[in-house]
Amino acid sequence: MSDESDTNSTYTGASPWPLFVALGLALSEVGVVLGLRPVSVVGLLLFVGSIAGILTEAGYISRPARAAGVQGVALVGIGSALVLQNQTGTTVRGQSIAIAGVLSLLSALLWMGFIRTRTKNSTVANESTEATSD
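Attention in this report is confined to the structure presented alongside it.

Analysis parameters
Residue numbering note: each chain is counted from 1, following its sequence as written. pLDDT decides what is reported in this predicted model: residues at 70 or higher carry local features, side-chain atom pairs at 80 or more are listed and counted, and totals for whole chains, interfaces and linings draw on all residues regardless. Based on all heavy atoms of the structure, the side-chain values leave hydrogens and waters out of the count. What makes a salt bridge here is a side-chain nitrogen of Lys or Arg within 4 Å of a carboxyl oxygen of Asp or Glu, nothing more. Each helix corresponds to a stretch of at least 4 residues labelled H or I by DSSP, and each strand to a stretch of at least 2 residues labelled E; elements are numbered beginning at the N terminus. The buried label applies to any residue whose accessible area, calculated with a 1.4 Å probe on protein chains only, is under 20% of its type's maximum; exposed applies above 50%, and partly exposed to all values in between. Lines fitted to the C-alpha atoms define the axes, with helices restricted to the stretch that makes contact. Angles between their N-to-C directions range from 0 to 180 degrees. Note on terminology: angles under 35 degrees are roughly parallel, angles over 145 are roughly antiparallel, angles of 65 to 115 are roughly perpendicular, and the others are oblique. Two helices crossing with the near one rotated counterclockwise from the far one by less than a right angle form a left-handed crossing, whereas a clockwise rotation gives a right-handed crossing. The criterion used for residue contact is that any of the two residues' heavy atoms lie within 4.5 Å. Residues are grouped as follows: Ala, Val, Leu, Ile, Met, Phe, Trp, Tyr, Cys and Pro are nonpolar; Asp, Glu, Lys and Arg are charged; every other residue, Gly included, is polar. Pairs of N or O atoms are called polar contacts if they sit within 3.5 Å, as long as, within protein, a hydrogen donor faces a hydrogen acceptor (for residues adjacent in sequence, only side-chain-to-side-chain pairs). Multiply 1.5 Å by the residue count of a helix minus one, and that product is the helix's expected span.

For the rest of this paragraph, the subject is the pattern of salt bridges. Overall, the coordinates contain 1 salt bridge when judged by the stated rule. For glutamate 29, the salt bridge identified is with arginine 93, shortest N-O distance 2.8 Å. One end of the pair, glutamate 29, is in helix 2 (residues 17-34); the other, arginine 93, is in helix 5 (residues 88-129), and 64 residues separate them in sequence. A relative accessible area of 38% places glutamate 29 in the partly exposed class.

Have a look at this one:
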């Protein structure tokens with residue numbers, strides 16, 4: 001016999017985000033080792049997006065763009081500190097981290113601006129259609 005509580009429960013399946021976190025970190029390190037800065041930057045951007053997705057899915061945050069922006073600021077700081085050390089291994093890694101941080105921050109700001117514009121336009125459209133004809 002089936003239990004009715006099983007049919008009413010929410011879906012608690014596996015999340016895809018941990019796979020993307022691991023893939024992002026692996027890509028960033030492979031990019032550093034092989035000297036392929038674009039691969040490293042893309043890996044870090046995948047990592048940042050996955051962390052924002054995990055936090056959103058878990059219900060800790062409601063705006064993933066803001067989380068990506070905060071992570072971008074942190075990456076810029078970490079990358080700048082590594083570049084300023086002026087050592088051979090840390091300079092390339094630091095540049096990749098700083099570039100990924102700047103791109104993450106810019107994309108988060110653009111996304112927040114897009115959302116703000118979209119909600120502003122939708123509220124103006126709703127206000128104009130709700131006018132009474134009395």
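A separate point is the packing of helix 3 (residues 37-58) against helix 4 (residues 64-84). Here helix 3 crosses helix 4 at 140°, and the two axes come no closer than 9 Å. Taken together, the axes of helix 3 and helix 4 are oblique relative to one another. As for the relative orientation of helix 3 and helix 4, their crossing is right-handed in sense. Across the interface between the two elements, Val48, Ile51, Ala52 and Thr56 of helix 3 pack against Pro64, Ala67, Ala68, Gln71 and Leu75 of helix 4. Within the contact of helix 3 with helix 4, the residues separate by chemical class into 7 nonpolar, 2 polar and no charged.

For the pair glutamate 29 and serine 40, spaced 11 residues apart in sequence, the C-alpha to C-alpha distance is 6.5 Å. Only 2.8 Å separates the side chain of glutamate 29 from the side chain of arginine 93, close enough to count as a polar contact.

Moving on: the side chain of serine 104. As for its placement among the helices and strands, serine 104 is situated in helix 5. The exposure class assigned to serine 104 is buried, which follows from its relative accessible area of 2%. Apart from the residues lying within four places of it in its own chain, the contact partners of serine 104 are Leu45, Val48, Ala68 and Gly72.

Now for helix 3. Helix length check: helix 3 (22 residues) gives 32 Å between terminal C-alpha atoms against 32 Å at 1.5 Å per residue, within 8%. Those residues of helix 3 lying buried are Ser40, Val41, Gly43, Leu44, Val48, Ser50, Ala52 and Gly53.

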